[in-house]
Amino acid sequence: MHEASIAQNVIESVLRLIADGTVQGKVARVYLKVGKLTAVVPDNLQFMFGVLAEEGPLAGVKLEIEEVPIRVRCKACEEAFEMHEEIRLICPKCGSADTRFETGRELLIDAVEVD
Amino acid sequence: MEAGKRINVVTKILAANDRVADENRRRFAELGLKVVNLISSPGAGKTALLEATIGRIRKDRRVGVIVGDIATTKDAERIAKHDVPVVQITTESFGGSCHLEASTIRQALDEIPLKELDLLFVENVGNLVCPAEFDLGEQAKVSMLSVTEGEDKPLKYPLAFQVANLVILSKVDLVPHLRVDMEALRANVRQMNPKVRTLELSSQTGEGFDAWIEWLKKP
């Protein structure tokens, strides 16, 4: 249940973007990118954001959460693999251990929509 | 109705936590303090590991401990019996948070004599999901799994093992009594983090502690 903490961080980040002038106008929507590796449950995040934003300057703001799949790239054979049920970092094609997550760890505010 | 205007910002959600973590990291580096963030599920034996570790390392390193729990000070009381500085963070006052954040660590640092320490353990809240996401400014994350938890756990909690600088498989004295497949468990850890070092130990018998103490003493 790190969703509460992440929701609070979204609120503080958006308020900072307003304070420093990056975002001007009334915020209507916040677009998030959340990698599947973070184990964030979008419904929980949406709910916690609603609860924590209530009565603050972001009350009524909608979250649009885009889930980013987990993709592992092998540095040896350069093949990329999308992982769903099980995540494996040893390359399924060439067996190399020299791999990295290309996507799936995102925890980003991508954009803010203002009216 | 006029459509809204979209402003691309691309900001890390945990940027504020990461900034505080970087401040903590700078402070630890200035003090020459090694900070180890210990992550596991509840009951894997984090407190037992620390109790067994303190006795073995205290002649060479001055140790302090920050303990995170949702409620109670029971773990800190166990550690305090070993006569080392210990700070208990109960996250109840932070809404019962299931993990520690960089700012809670920063607060705790005011209550511990940092200049008199060489090695600081952070015993995170027992949980294999949330603590993996939050940088505290530590030098190393140690993710621990007890052999009673089942060999599939590294696959179920990928991030905890993926971010680990060291993996500990604990309670290995129980292996003869269990149906755990140690080869499968080791293979699953490798699948999550192919390059990570794995230590197998028992806080009850002391098996495997030489390698652990040696790892802790490395700068």
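What comes next concerns the included structure. Keep in mind that what you see is a predicted model, and the values were worked out from it rather than measured. (Residues numbered from 1 in each chain as written. Chains lettered and ligands numbered in written order. Predicted model: local features only at pLDDT ≥ 70, side-chain atom pairs only at ≥ 80, totals over all residues. Heavy atoms only, no water.)

Section: the overall build of chain A
Here is step 1: Looking only at helices and strands, chain A has two helices and six strands in total.
Here is step 2: If you list the helices and strands of chain A from N to C, you get α-β-α-β-β-β-β-β.
Here is step 3: At 17 Å, chain A has a C-alpha radius of gyration far larger than the 13 Å of a compact globule built from 115 residues.
Here is step 4: Oriented by its inertia axes, the alpha-carbon framework of chain A measures out at about 55 × 30 × 20 Å.
Here is step 5: Relative to its full complement of 115 residues, chain A shows a buried share of 43%.
Here is step 6: Once local pairs closer than 6 in sequence are excluded, the contacts in chain A between residues at least 24 apart make up 71%.
Here is step 7: Just so you have it, chain A exposes about 5700 Å², and 48% of that area is on carbon and sulfur atoms.
Here is step 8: Charge separation in chain A, taken as the distance between the mean sites of 13 positive and 20 negative side-chain charges, equals 5 Å. (Helix = DSSP H or I, 4+ residues; strand = E, 2+ residues; numbered from the N terminus. Rg over C-alpha atoms; globule rule 2.2 N^0.38 Å. Buried < 20%, exposed > 50% of the residue type's maximum accessible area, 1.4 Å probe, protein only. Contact = heavy atoms within 4.5 Å. Areas by Shrake-Rupley, 256 points an atom, 1.4 Å probe, with all protein chains shown as cover. Lys, Arg positive; Asp, Glu negative; His and termini not counted. Charge placed at Lys NZ, Arg CZ, Asp CG, Glu CD.)

Section: the overall build of chain B
Here is step 1: Each helix and strand in chain B was counted, giving eight helices and eight strands.
Here is step 2: By the compact-globule yardstick of 17 Å for 219 residues, chain B fits well, its C-alpha radius of gyration being 18 Å.
Here is step 3: Taking all 219 residues of chain B together, the buried fraction comes to 54%.
Here is step 4: Put simply, 73% of the contacts in chain B that link residues at least 6 apart link residues at least 24 apart.
Here is step 5: Accessible surface, chain B as shown: approximately 9800 Å² in total, 47% of it carbon and sulfur.
Here is step 6: Across chain B, the mean location of the 30 positive side-chain charges is 3 Å away from that of the 31 negative side-chain charges.

Description of the nonpolar core
Here is step 1: Membership of the largest hydrophobic core comes to 30 residues, with the highest contact counts inside it found for Ile87 and Phe101 of chain A together with Phe161, Val167, Leu169 and Met182 of chain B.
Here is step 2: Counting only elements with at least two residues in this core, the list comes to β3 (70-74) and β4 (80-83) of chain A together with α6 (158-162), β7 (166-170) and α7 (182-192) of chain B.
Here is step 3: Here this core gets four residues from one element, more than from any other, and that element is α7 of chain B. (Core = buried A, V, L, I, M, F, W, Y, C linked by side-chain atoms within 4.5 Å.)

Notes on the interface of chain B and chain A
Here is step 1: Contacts between chain B and chain A engage 32 residues on the former and 36 residues on the latter.
Here is step 2: Between chain B and chain A, roughly 3100 Å² of surface is buried when both sides are summed, and carbon and sulfur atoms account for 61% of that area.
Here is step 3: Applying the counting criterion to the chain B and chain A interface returns three salt bridges.
Here is step 4: Across the chain B-chain A interface, the total number found is 13 residue pairs in polar contact (both at pLDDT 80 or more). (Buried area = accessible area lost by both parts, 1.4 Å probe. Salt bridge = Lys/Arg side-chain N within 4 Å of Asp/Glu carboxyl O. Polar contact = N/O pair within 3.5 Å; in protein donor to acceptor, adjacent residues only side chain to side chain.)

Quick notes on the layout of surface pockets
Here is step 1: Reported here for the second largest pocket is a volume of approximately 370 Å³.
Here is step 2: What lines the second largest pocket is a set of 21 residues, and nearest its centre among them are Lys36, Ala39, Ile70 and Ile87 of chain A together with Pro158 of chain B.
Here is step 3: When contributions to the lining of the second largest pocket are tallied by element, the ones reaching two or more residues are α5 (153-156) and α6 of chain B.
Here is step 4: Looking at the lining of the second largest pocket, its residues break down into 14 nonpolar, two polar and five charged. (1 Å grid on protein atoms, 1.4 Å probe; cavity = no way out; pocket = protein on both sides within 12 Å on 5 of 7 lines; lining within 4 Å. Points joined across faces, edges and corners; volume = space filled by probe spheres on them. Nonpolar A, V, L, I, M, F, W, Y, C, P; charged D, E, K, R; others polar.)

As for the sheet that holds β7 of chain B
Residue and element names in this part refer to chain B.
Here is step 1: The sheet built from seven strands is open, its strands ordered β4-β3-β5-β2-β6-β7-β8 with parallel pairing. Each having just a single partner strand, β4 (86-90) and β8 (197-200) make up the two edges of the open sheet. Recorded for the sheet is a direction-independent mean angle of 20° between the axes of neighbouring strands.
Here is step 2: Alignment of strand β3 (residues 63-69) against strand β5 (residues 119-123), held across five bridges, turns out to be parallel. (Pairing = 2+ DSSP bridges. Axes fitted to C-alpha atoms, helices over the stretch in contact; angles between N-to-C directions.)

Quick look at the pattern of salt bridges
Here is step 1: Applying the stated criterion to the full structure yields 25 salt bridges over all chains.
Here is step 2: As a salt-bridge pair, Glu86 of chain A and Arg88 of chain A come within 2.7 Å of each other at their nearest N and O atoms.
Here is step 3: Accessibility expressed as a relative area gives 40% for Glu86 of chain A, which makes it partly exposed.
Here is step 4: By relative accessible area, which is 28% here, Arg88 of chain A ends up partly exposed.
Here is step 5: Across the salt bridge formed by Asp118 of chain B and Arg62 of chain B, the nearest N and O atoms sit 3.0 Å from each other. Within this pair, whereas Asp118 of chain B is found in the loop between α4 (102-109) and β5, its partner Arg62 of chain B is found in the loop between α2 (46-57) and β3, the two being separated by 56 residues in sequence.
Here is step 6: Each member of the salt-bridge network shares a partner with another, and the members are Arg71, Arg73, Arg100 and Glu102 of chain A.

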